[in-house]
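Read off the chains here:
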Amino acid sequence: MSESFGLRDKTAIVGVGATPYWKRGKSGPRTLQELVCGAIIAAADDAGIHVPDIDGFAYFAADFDTGALMETLGIRDVGFSSMLTGSGGGSAGAVGLASAAIIAGLAETVVVVCGVQQGELRYGAMPSTYDASAESCFYQSAGLVGPGHMFALLARRHMHLYGTTREHFAEVAISTRINALTHPDALMKKPMTLDDYFAAPMISDPHCLFDFCLETDGAIAVIVTSAERAKDLKQKPVMVHASAQGGAGEWGRSIYWMNMPDETFASSGHAAIARRLYARSDVGPSGIDTAQIYDHFSSQVILQLEDYGFCAKGEGGPFVASGAIRFDGGSLPVNTDGGQLSCGYIWGMSHVREGVEQLRGTAANQVKDAKFALVTGGPSDIPMSGLILRAEA
């Protein structure tokens, strides 16, 4: 596909707002509504707009209601309210959804927001609550009751086919922990060594404790508007250069499908997203200066690096082992805030936030002269998503 797609650089992210990150269950007595509204107010202030100027909402995971947000925030009228998907796979694509609404003339100022506040039910155990079906009975009877079990199967298959090792997964976990140590908002502030990694309890072989993302409370919002309007606002705009969502049919409905061809099973399912994303952009993998890659599990960073063309299929392990994803000296600094493994887990919105801050030049761990940032939504249910952001020239 050539780029006749009408999104490139026509919209921009002009505001970012976030609550602090708390460990799971520690955000009380605040409600989820308070967290989400606080992030939206902060994003509007960052952009230099009035909250009632917001006339659109784009979601990818929402346990809250547009009408309730409007009432709480004093927003009188909206022309657009839509949700891409109900999981982290849509985090990058929700920005594209907002951009599409603006380009179509459905809204002028759209907020993309996600809030996370886990109660008694932990997200990692959510599949255990699904109603009985032929599919759920198949995997639950095998003891596969959480995403960690499902992704462990993909990771183990990749190890079998390509020789990937736990040392490779450790490099992802350790490199992002190093980034978290110098990020003011990161939850994890204790250095991690290779010995620490291998001493951690095994949760779902080959994933140990440090291969799993954090369980976090918090909210993040970004404001999207037209490139023309962005010129007159408070912050340096970050252009929405390309966006893609969807997925290949061979991936199946989700990671619970387990009926993929061998090569696809040992992947993140993002190859189809990458093809669309690069076709809609004027850069390829070599033009990306920093990548904020959805890291609910360390192994999936490696598999996404392959799917997005930063290395050949099966070579993701040696690629990270070379130091390529390190902030200090790597050719592709990855998850420069510490990612979801060590900074905070807001279902991918922290990656959007970090991508914007990198291209504004305000990141805590700033990549020198960063012009293009890749942001991915989680390997998960279809639709999954990717986003390329560009610094204003």
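A brief look at the structure comes next. Keep in mind that what you see is a predicted model, and the values were worked out from it rather than measured. (Residues numbered from 1 in each chain as written. Predicted model: local features only at pLDDT ≥ 70, side-chain atom pairs only at ≥ 80, totals over all residues. Heavy atoms only, no water.)

### Digging into unusual backbone geometry
As a rule of thumb, non-glycine residues mostly have phi less than zero, and peptide bonds are mostly trans rather than cis.
At step 1: Following Gly 28, the chain continues into Pro 29 via a peptide bond in cis, with omega recorded as 10°.
At step 2: Locating Pro 29 in the fold gives a position in the loop between β2 (22-23) and α1 (32-47).
At step 3: Between Asp 205 and Pro 206 the backbone carries a cis peptide bond, its omega angle lying at 15°.
At step 4: As for its position among the elements, Pro 206 is in the loop between β6 (202-204) and β7 (207-208).
At step 5: A positive phi angle, near 50°, is found at Asn 335, a position not held by glycine.
At step 6: Within the element layout of this structure, Asn 335 appears in the loop between α12 (316-321) and α13 (339-343).
At step 7: Positive phi, close to 55°, is recorded for Trp 347, a residue that is not glycine. (Helix = DSSP H or I, 4+ residues; strand = E, 2+ residues; numbered from the N terminus.)

### What about the nonpolar core?
At step 1: By size, the foremost hydrophobic cluster in this structure holds 50 residues, and its most contacted members are Leu 305, Phe 310 and Ile 388.
At step 2: Ala 180, Cys 213, Ile 220 and Met 349 belong to the second largest nonpolar core, which has 45 residues in total. (Core = buried A, V, L, I, M, F, W, Y, C linked by side-chain atoms within 4.5 Å. Buried < 20%, exposed > 50% of the residue type's maximum accessible area, 1.4 Å probe, protein only.)

### What to know about helix α10 (residues 271-279)
At step 1: Looking only at α10, the buried set comprises Ala 272, Ile 273, Ala 274, Leu 277, Tyr 278 and Ala 279.
At step 2: Buried residues along α10 sit against β9 (238-246), α11 (298-307), β11 (372-376) and β12 (384-391). (Contact = heavy atoms within 4.5 Å.)

### Details of the environment of Gly 314
At step 1: As for its placement among the helices and strands, Gly 314 is situated in the loop between α11 and α12.
At step 2: Relative accessible area serves as the criterion here: at 10%, Gly 314 is assigned to the buried category.

### Section: the layout of surface pockets
At step 1: As a volume, the second largest pocket reaches approximately 180 Å³.
At step 2: Surrounding the second largest pocket, 13 residues form its lining, Glu 250, Thr 264, Ser 267, Ala 271 and Asp 307 being those nearest its centre.
At step 3: Every element with two or more residues in the lining of the second largest pocket is listed here: α9 (262-265) and α10.
At step 4: Of all the elements, α10 adds the most residues to the lining of the second largest pocket, at three residues.
At step 5: Split by residue class, the lining of the second largest pocket holds four nonpolar, four polar and five charged. (1 Å grid on protein atoms, 1.4 Å probe; cavity = no way out; pocket = protein on both sides within 12 Å on 5 of 7 lines; lining within 4 Å. Points joined across faces, edges and corners; volume = space filled by probe spheres on them. Nonpolar A, V, L, I, M, F, W, Y, C, P; charged D, E, K, R; others polar.)

### Looking at the pattern of salt bridges
At step 1: In this structure the tally under the stated criterion is nine salt bridges.
At step 2: Notably, a salt bridge pairs Arg 326 with Glu 171, separated by 2.7 Å at the nearest N-O pair. Of this pair, Arg 326 sits in the loop between α12 and α13 while Glu 171 sits in helix α6 (residues 166-181), placing them 155 residues apart in sequence.
At step 3: Classification of Arg 326 by relative accessible area gives partly exposed; the value is 26%.
At step 4: The residue Glu 228 makes a salt bridge to Lys 231 at a minimum N-O spacing of 3.4 Å. Across the pair, Lys 231 and Glu 228 agree in class, each one exposed. (Salt bridge = Lys/Arg side-chain N within 4 Å of Asp/Glu carboxyl O.)

### Points about the packing of aromatic side chains
At step 1: With the rule as written, the count across this model stands at six aromatic pairs.
At step 2: Geometrically, the ring pair formed by Tyr 59 and Phe 64 is edge-to-face, given 5.6 Å between the ring centres and 75° between the ring planes.
At step 3: When the centroid spacing of 5.0 Å and the interplanar angle of 80° are considered together, the rings of Phe 212 and Phe 297 count as edge-to-face. Placement of Phe 212 in the loop between β7 and β8 (216-226) and of Phe 297 in the loop between β10 (290-292) and α11 is noted, with a sequence separation of 85 residues between them.
At step 4: Residue classification places Phe 297 among the buried residues on the basis of a relative accessible area of 5%.
At step 5: Through a chain of ring-to-ring contacts, three or more aromatic side chains come together here, namely Phe 57, Tyr 59 and Phe 64. (Phe/Tyr/Trp six-rings, centres within 6.5 Å; stacked < 30°, edge-to-face > 60°.)

### Brief notes about the state of the cysteines
At step 1: Here the structure, examined in full by the defined rule, presents zero disulfides.
At step 2: The structure places no disulfide on Cys 37, whose sulfur is separated from the nearest cysteine sulfur, that of Cys 114, by 14 Å.
At step 3: Classification of Cys 37 as buried rests on a relative accessible area of 5%.
At step 4: Free of any disulfide, Cys 343 has its nearest cysteine sulfur in Cys 213, 12 Å distant. (Disulfide = S-S within 2.5 Å.)

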